[in-house]
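Here is how the chains run, residue by residue.
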Protein chains: 2
Amino acid sequence: MSSTPQRKATDAGPGTPKTARGARTRARILKAAEEAFGTLGYYRAGITDITRGAGVAQGTFYCYFTGKEETLRELVRDMGHKVRAHLARHVDGAQDRLDAEARGLRAFLGYVTENPWMYRVLQEAQFVDEEIYQEYYEAFGDAYATLLADAVSRGEVRPGDNRVRAWALMGMSHFLGMRYGLWQSDVSPDDVVAAVDDMLRLGLAPQPRSDDKP
Amino acid sequence: MSSTPQRKATDAGPGTPKTARGARTRARILKAAEEAFGTLGYYRAGITDITRGAGVAQGTFYCYFTGKEETLRELVRDMGHKVRAHLARHVDGAQDRLDAEARGLRAFLGYVTENPWMYRVLQEAQFVDEEIYQEYYEAFGDAYATLLADAVSRGEVRPGDNRVRAWALMGMSHFLGMRYGLWQSDVSPDDVVAAVDDMLRLGLAPQPRSDDKP
DNA sequence: CCACAATATGACAACTGATTCACCTTTCTG
DNA sequence: CAGAAAGGTGAATCAGTTGTCATATTGTGG
């Protein structure tokens, strides 16, 4: 049972490209890997699928990567950046945190439909290199919890365990993205967001809460 | 690109056991498969790992299963039943739906910590046979949405899109189970449930909602 | 206690797919 | 333009798997 003997967090592969051409080739390989992993799945995708997609020979792959795993790790890192950037861009003009939540979810649903591969690749990382998968969500969760805490201090959100809330919210987005962004579009993204927004603002309980303990 | 050529929903393998002994062996293999998939992951686990764990020879595996995939499908089906049964048992005496939600989440967190493999196996099914994974959650979501609709008609929950809510709630449980049940226990299950219960009852918005549009 | 049907065995053939490596091509530099 | 360094090639190698099959064991009804 040899878990994962080698590997540093920052291994850039055997040959970091020294010229623009090399960098382009490396990028092509990475893009092809994303497509191959996304459509075939990590394990079903072979190096041949990647190199064929990139239009290079097998050997070229090993000029830039030590193996399949490293490729996946790099993709996961990229995706983290891209998703964050996308969300940040769309949440920008929000009035308050609840508004930001709605916009964020909307943006996420859109991102998922436009980048269906991202989803699969990220999820599959869970079984290839659990650590990097954890890092991804832990980082996301930290940032999220901080945003909520700020909102609490601004009086936009009631106090509560923001870390737990963050994970709950990430889970919601994850499942809604999968179901309504990836699998079926039987409910429009805006309707999904509306339902969630309502739930997040008011909760599910019916009574107008005035009886706060006498 | 040959996706999935054969396979019926109800293929019981080449030899359904005819005696009690055979049934026992089959069950042992299934249990060993769960452990192997859970600890090593589906693709890393070989038939040898399974048969070794079950204490039988390689060939015996093929007396009861056509291959690895069939084993996984069967496990996923089992897990669906077991999780449901567990939740049903623990939600039983609930006062209302919101109470049931809290109890359900609590039970789920407990189940995850006690059956860490279930989690991995189920999630990995997503990449081995996406259809069965979808079925699992679609069935769960349907049942969930119905429960919510009933609660609405009983006046325990405000009206809204119950299907979307169901997926949101499943996502929450999923992520909270992963983070607080599987990865780290830095927050007690009861505290997790409390935070979520609060959010589900009252939402995140601070104002006591009396201003329902004049 | 015998015969036969279900079970179980494990060596092995056939195959898959990752990685290596000796060699070729392109590009840049002095 | 010569030479070197970076980039690129793909056939060959190598490790590990799956699934088969001829054979052995178990145990049960007659």
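This is a predicted model, so every value here is computed, not measured.

Points about the overall build of chain A
Inference 1: Within chain A one finds 9 helices and 0 strands.
Inference 2: Start at the N end of chain A and walk to the C end: the helices and strands fall as α-α-α-α-α-α-α-α-α.
Inference 3: Once the C-alpha set of chain A is aligned to its principal axes, its extents read approximately 75 × 40 × 35 Å.
Inference 4: Relative to all contacts within chain A whose residues are 6 or more apart in sequence, the contacts with residues 24 or more apart total 67%.
Inference 5: Of the accessible surface of chain A, which amounts to about 10300 Å², a share of 52% is contributed by carbon and sulfur atoms.
Inference 6: Positive and negative side-chain charges in chain A, numbering 28 and 30 respectively, have mean positions lying 6 Å apart.

Topic: the protein's contact with DNA strand D
Residues and elements named next belong to chain A.
Inference 1: Among the 19 residues in the neighbourhood of DNA strand D, the closest are listed as Lys-18, Thr-25, Ala-57, Thr-60 and Tyr-64.
Inference 2: Backbone atoms, meaning sugar plus phosphate, form 77% of the atoms of DNA strand D positioned within 4 Å of the protein.
Inference 3: Within the side chain of Thr-60, one N or O atom sits 2.7 Å away from a phosphate oxygen of DNA strand D.
Inference 4: Within the residue set of the surface near DNA strand D, elements represented by two or more residues are helix H1 (20–40) and helix H3 (58–64).
Inference 5: Element by element, the count of residues in the surface near DNA strand D is highest for H3, at 5 residues.

Focus on the protein's contact with DNA strand C
Inference 1: For DNA strand C, the set of nearby residues contains 18 residues, the closest of which are Lys-18, Thr-19, Thr-25, Ala-57 and Tyr-64 of chain B.
Inference 2: Residue Lys-68 of chain A places a side-chain N or O atom 3.2 Å away from a phosphate oxygen belonging to DNA strand C.
Inference 3: When residues of the surface near DNA strand C are traced back to their parent elements, those giving at least two are helix H1 (20–40) and helix H3 (58–64) of chain B.
Inference 4: Looking at the surface near DNA strand C element by element, the count peaks at 4 residues for H3 of chain B.
Inference 5: Here the surface near DNA strand C is composed, by residue class, of 7 nonpolar, 7 polar and 4 charged.

Thoughts on the packing of helix H6 (residues 116–128) of chain A against helix H8 (residues 162–183) of chain A
The axes of two packed helices give the description: the angle between them and the distance between them.
All names here are of chain A.
Inference 1: In contact at an axis separation of 11 Å, H6 and H8 are set at 135 degrees when each is read in the N-to-C sense. Viewed along their axes, H6 and H8 adopt a mutual orientation that is oblique. Seen from above, H6 lies across H8 with left-handed handedness. Where H6 approaches H8, its residues Pro-116, Tyr-119 and Gln-123 are matched on the opposing element by Ser-173, His-174, Phe-175, Gly-177, Met-178 and Leu-182.
Inference 2: Its residues assigned to classes, the contact of H6 with H8 comprises 5 nonpolar, 4 polar and no charged.

Observations regarding the interface of chain A and chain B
Inference 1: Contacts between the two partners involve 52 residues from chain A and, on the opposite side, 52 residues from chain B.
Inference 2: Both sides of the chain A and chain B interface together cover about 5400 Å² of buried area, and 64% of this is carbon and sulfur.
Inference 3: Viewed at the interface, chain B and chain A are joined by 6 salt bridges.
Inference 4: Put simply, Asp-198 of chain A and Arg-158 of chain B hold a salt bridge, and the shortest N to O gap is 3.0 Å.
Inference 5: Between the two partners, chain A and chain B, sit 18 residue pairs in polar contact (both at pLDDT 80 or more).
Inference 6: For the side of chain A that touches chain B, the elements supplying multiple residues, two or more each, are H6, helix H7 (130–153), H8 and helix H9 (189–202) of chain A.

What about the pattern of salt bridges?
All names here are of chain B.
Inference 1: One pass over the full model with this rule turns up 28 salt bridges over all chains.
Inference 2: One salt bridge connects Glu-69 with Arg-73, and the closest N-O pair in it is separated by 3.1 Å. Taken as a pair, Glu-69 and Arg-73 lie in helix H4 (residues 68–91) at a separation of 4 residues, close to a single helical turn.
Inference 3: Given the relative accessible area of 6%, Arg-73 is considered buried.
Inference 4: Among the salt bridges present, the one from Asp-190 reaches Arg-106, with a minimum N-O distance of 2.8 Å. Here Arg-106 lies in helix H5 (residues 97–114) and Asp-190 lies in helix H9 (residues 189–202), a separation of 84 residues in the sequence.

What to know about the confidence of the model for chain A
Inference 1: This prediction gives chain A a mean pLDDT of 91; 91% of its residues lie at or above 70.
Inference 2: Here residues 1–10 of chain A scores under 50 on pLDDT; set against residues more than four positions off or in separate chains, the count is 4 contacts.

Here's the deal with the relation of the copies chain A and chain B
Inference 1: Screw-axis analysis of chain A against chain B gives a translation of 0.0 Å along the axis, an RMSD of 0.1 Å, and a rotation angle of 180 degrees. The relationship between the two copies is best expressed as a two-fold rotation axis. Minimal C-alpha distance to the rotation axis in chain A is attained by Gly-203 of chain A, lying at 1.8 Å.
Inference 2: Looking at chain A, 100% of its interface residues are interface residues in chain B too, so the copies touch through the same face.

Some details on the domain arrangement of chain A
Residues and elements named next belong to chain A.
Inference 1: When its domains are assigned, chain A resolves into domain 1 (20–66) and domain 2 (70–202).
Inference 2: Placing a centre on the C-alpha atoms of domain 1 and another on those of domain 2 gives a separation of 28 Å.
Inference 3: The junction of domain 1 with domain 2 conceals about 1400 Å² of combined surface from both sides, 61% of it contributed by carbon and sulfur atoms.
Inference 4: On the domain 1 side of the contact with domain 2, Leu-30, Glu-34 and Tyr-42 bury the most area, a combined 37% of that side's loss.
Inference 5: Applying the counting criterion to the domain 1 and domain 2 interface returns 1 salt bridge.
Inference 6: In this structure, Glu-74 engages Arg-26 in a salt bridge whose closest nitrogen and oxygen atoms are separated by 2.3 Å.
Inference 7: Our count for the contact surface shared by domain 1 and domain 2 stands at 5 residue pairs in polar contact (both at pLDDT 80 or more).

Calculation notes
- Residues numbered from 1 in each chain as written.
- Chains lettered and ligands numbered in written order.
- Predicted model: local features only at pLDDT ≥ 70, side-chain atom pairs only at ≥ 80, totals over all residues.
- Heavy atoms only, no water.
- Helix = DSSP H or I, 4+ residues; strand = E, 2+ residues; numbered from the N terminus.
- Contact = heavy atoms within 4.5 Å.
- Areas by Shrake-Rupley, 256 points an atom, 1.4 Å probe, with all protein chains shown as cover.
- Lys, Arg positive; Asp, Glu negative; His and termini not counted.
- Charge placed at Lys NZ, Arg CZ, Asp CG, Glu CD.
- Near = heavy atom within 4 Å.
- Polar contact = N/O pair within 3.5 Å; in protein donor to acceptor, adjacent residues only side chain to side chain.
- Nonpolar A, V, L, I, M, F, W, Y, C, P; charged D, E, K, R; others polar.
- Axes fitted to C-alpha atoms, helices over the stretch in contact; angles between N-to-C directions.
- Parallel < 35°, antiparallel > 145°, perpendicular 65-115°, else oblique.
- Left-handed = near helix turned anticlockwise from the far one by under 90°.
- Buried area = accessible area lost by both parts, 1.4 Å probe.
- Salt bridge = Lys/Arg side-chain N within 4 Å of Asp/Glu carboxyl O.
- Buried < 20%, exposed > 50% of the residue type's maximum accessible area, 1.4 Å probe, protein only.
- pLDDT = per-residue confidence, 0-100.
- Least-squares fit on C-alpha atoms with pLDDT ≥ 70 in both.
- Domains from an automatic or database assignment.

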